[in-house]
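Commentary on secondary and tertiary structure
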Amino acid sequence: MSTTTDAPAPDQGFRLNQLIYDTRYRSMTIQIVALIVLLTFFGWLINNTIENLEALGKDFDFGFLGQRAGYDINQVLIPYDSGSTHGRAALVGILNTLLVAVLGCILATVVGVLAGVLRLSKNWVVGRLMTVYVEAFRNIPLLLWIILIFALMTEATPQPRAFLVDESGNADASMLLWDSVAITNRGVFIPAPVGGAAAWFVVGVFLASIAAIFLWRRYAVKKLLDEGKVVPTLLPSILLFFVPTLVVFFLLGRPISLAYPELGGFNFNGGIQVRNSLVALWLALSLYTGAFIAEIVRGGILAISKGQTEAAYALGLRSGVTMRLVILPQALRVIIPPLISQYLNLTKNSSLAIAVGYMDVRSTLGGITINQTGKELEGMLLLGLFYLLISLLISGAMNIYNNRVKLKER
Amino acid sequence: MKTSVLFGALTVAGLAAGTASAQTLADVQEAGVLDCGVATGLTGFASPNAAGEWEGFDVSFCRAVAAAVLDDPMAVNFVPTTGQTRFTALASGEVDLLARNTTWTFSRDVDLGFEFVGVNYYDGQGFMVPRELGVTSARDLDGATVCIQTGTTTELNLADYFRVNNISYEPVPVETNAEAQQQYLANACDVYTTDASGLAATRATFENPGDHVILPEIISKEPLGPLVRHGDNQWGDIARWTLNALIAAEELGVTSANVAELAEGTDNPEINRLLGTEGDLGAMFGLDSDWAQRAIAAVGNYGEIFEQNIGESTPIGLARGLNAQWTEGGLLYSPPFR
């Protein structure tokens, strides 16, 4: 009964052609062959590189990171001078990259969400304006925007000398906001906060009150859900934001003051100089990526069934509230995954910084250092590794957030 | 079986790729064109003219080598390179010769694996400022914003000079001379610093050159010269002796006008050896005996090249200075042709 068909073939042992003709083994054979081919290819690539480096008389060595850099960098977030090492210069560049990436991601998100929501507006003018913005920025290369904004900032703004007051009391240009901000063709000069140890106490109180606002809001939601009581949030939030910090500030005798930029010599001194290169790069990156984010946001909102809006209206919610409480939280689930890749794009695109002389890691490690030491391969490998790491970090963090907002399926 | 064939093929390909860069002369002659790296545009040294043809001091050297090697001064493919891209372009074989105001330094010669074939312009780094600033010395530049071409020796000299003199400055890195010019004219920087010859060349293209002064301080030695890759001595010799031939021609009074006449034979054996009517120097590095004659006929001797492109009769108006013949108090001194 059990031996009707498919009698087990007489055991002939394992034959070599089974590797190709026997479906049990075939897929494994193919995979192993593919793996060998791939490894051979990489082996050849590495071998070829080593041989060519030898032919050029170059060694593979990261020792240059410890040598004196010898060049200056204009925007430094950590102490650095021309006597520091190439490694330190790379670190300065990395911090500059991170600075513009973080600033860019924040502004791009704000711009993108606003433009995405407004593009769906029933107001014809607003909707079309946003269409123009999105299409213009999405369809013109980023490099052009960076250079355009930079050129505008250098050509259309006054030079520092224009702020000089002549004998008759006139100047070609004047500072804004009660003589505190100067917009020049070398950058925007803003007052810098200065303070001693007591200043940090004020900052601590401020951070604590921000945390308190969040706790209060969470408490209000809990109260609403558990007991159905409406606890006011707006007024306490405003009070928490201002009162404790101001009280401490004045109690400690105003430990934080502002250092205003002042014209002296060739340039403004004091205050903080936000260089045009940073501003141009930041604005261009944000507006460019913001246009993509706007489309993602619009797509996310359109993905939410119209029934949700109608249901919210039926409950008597107004359109603004509907958007904020009903549509956007659901749309986030659609928005977050593509948003991650936009953040990654922005960070990687910041390597166009050299076009306007912004000293990011591509300009320091990947530019001047490579040029002065001739370590192209090592420098580019390090640079690649950095961008890889930072991209993985960003997507890791965003994935955690995505897991929190995504639909919980049980 | 199949994989081992593949292995073999890949190894052969790998070896071939590894050793394919020794015979530059043969490669150039086979291609029929010389790939020459030049600046992206520096009037007087290397820039395209109204007809789109490259011309200038560095360009002439490329043409001289092409005339010597290929018998055609126009058979040059000019590859514009920035301060940052030039060395990679040469090392990777994208260009056969780099004639781009490149300063001869120890580490470039030894560590980067290049060979400087001589000095075609003795330069030094200077500063240019708008006249209305009223600055008369580089020491007055405390706090100034300085435009520099990134990836050059000027960047390092600048850092050293300001450090030694204990004055502060704000560097504005730019990629090319054109960009620096735009930034400087927009007053986005107070000072532009580069080799003094480059400053003069840049200033000559301004609408009002008189509104800008070049400060008296020369803060570095910048011997500029053409360079080739290490490891191909024959090619290096050809480039070196083409440069020497141009310099020697000026010393011996051979010009593009009289070279054909002198090539028929003279009483001066040195001229005869240079122009190939006596001995056979060209054969020693794989060229025919007329190589130097062709180079001189194509672009003229060193003095002619200088006068035509950057000399006192041009808008750039550079004096010979250190770049005069050794017989006239300069540093140009070609080893003898024998």
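Residues numbered from 1 in each chain as written. Chains lettered and ligands numbered in written order. Predicted model: local features only at pLDDT ≥ 70, side-chain atom pairs only at ≥ 80, totals over all residues. Heavy atoms only, no water.

Moving on: a nonpolar patch on the surface. A cluster of nonpolar residues, A:L234, A:L235, A:I238, A:L239, A:F241, A:F242, A:V243, A:L246, A:V247, A:F250 and A:L251, forms a patch on the protein surface that exposes about 1100 Å² of accessible area. Within the secondary structure, A:L234 is located in helix α7 (residues 234-251). (Patch = residues over 30% accessible without salt bridge, like charges linked within 9 Å, V, L, I, M, F, W, Y side chains within 5 Å. Areas by Shrake-Rupley, 256 points an atom, 1.4 Å probe, with all protein chains shown as cover. Salt bridge = Lys/Arg side-chain N within 4 Å of Asp/Glu carboxyl O. Helix = DSSP H or I, 4+ residues; strand = E, 2+ residues; numbered from the N terminus.)

Time to look at the side chain of A:T154. Residue placement: A:T154 occurs in helix α5 (residues 142-155). Looking at A:T154, the relative accessible area reads 2%, which means it is buried. A polar atom in the side chain of A:T154 sits 2.8 Å from the backbone oxygen of A:F150. At a separation of 3.2 Å, a polar atom in the side chain of A:T154 contacts the main-chain carbonyl oxygen of A:A151. Ignoring anything within four residues of it in the chain, the contact list for A:T154 reads A:N185, A:N276, B:Q182, B:Q183, B:A186 and B:A188. (Buried < 20%, exposed > 50% of the residue type's maximum accessible area, 1.4 Å probe, protein only. Polar contact = N/O pair within 3.5 Å; in protein donor to acceptor, adjacent residues only side chain to side chain. Contact = heavy atoms within 4.5 Å.)

What follows concerns the pairing of strand β10 (residues 169-174) of chain B. Within a regular strand, the side chains alternate between the two sheet faces. All names here are of chain B. Extensive coverage of β10 is indicated by the burial of 6 of its 6 residues. Burial along β10 is two-sided: the face carrying Y169, P171 and P173 and the face carrying E170, V172 and V174 are both buried. Relative to β10, strand β9 (residues 144-149) is paired through 6 bridges, and the arrangement is parallel. Within β10, the position partnered with A144 by the bridge is Y169. With respect to chirality, the unit in which β9 leads through helix α6 (residues 153-164) into the neighbouring parallel β10 is right-handed. (Pairing = 2+ DSSP bridges. Right-handed = clockwise from strand over helix to strand, strands pointing away.)

All names here are of chain A. Across the interface, helix α3 (residues 86-119) lies against helix α8 (residues 276-302) with an axial gap of 6 Å and an inter-helix angle of 40°. Looking at the two axes, α3 sits oblique to α8. Helix-helix and strand crossings are classified by hand; for α3 and α8 the assignment is right-handed. Of the residues belonging to the contact of α3 with α8, the class tally is 19 nonpolar, 7 polar and 3 charged. (Axes fitted to C-alpha atoms, helices over the stretch in contact; angles between N-to-C directions. Parallel < 35°, antiparallel > 145°, perpendicular 65-115°, else oblique. Left-handed = near helix turned anticlockwise from the far one by under 90°. Nonpolar A, V, L, I, M, F, W, Y, C, P; charged D, E, K, R; others polar.)

A word on the sheet that holds strand β7 (residues 272-275) of chain A. All names here are of chain A. Spatial strand order, β1-β2-β7: 3 strands in an open sheet with antiparallel pairing. In this open sheet, the two edge strands, each paired with only one partner strand, are β1 (182-184) and β7. Here the strands of the sheet are splayed against their neighbours by 20° on average, with no regard to which way each runs. Two strands pair when backbone bridges link them, and β1 and strand β2 (residues 187-190) are joined in this way by 3 bridges, in the antiparallel orientation. Each bridged residue has a counterpart across the sheet, and for A182 the counterpart in β2 is F189. Against the sheet, α8 contacts β1, β2 and β7, and its axis sits at roughly 50° relative to β7.

With 63 residues, the main nonpolar core has B:V69, B:W235 and B:L275 as its most contacted residues. Counting residues per element, this core draws most heavily on helix α3 (residues 57-70) of chain B, at 10 residues. Excluding residues that lie within four positions of it along the chain, B:L275 makes contacts with B:V254, B:V259, B:L262, B:A263, B:S289, B:D290, B:Q293 and B:I296. Within the second largest apolar cluster, 46 residues are counted, among which are A:I296, A:I301, A:V326 and A:V356. (Core = buried A, V, L, I, M, F, W, Y, C linked by side-chain atoms within 4.5 Å.)

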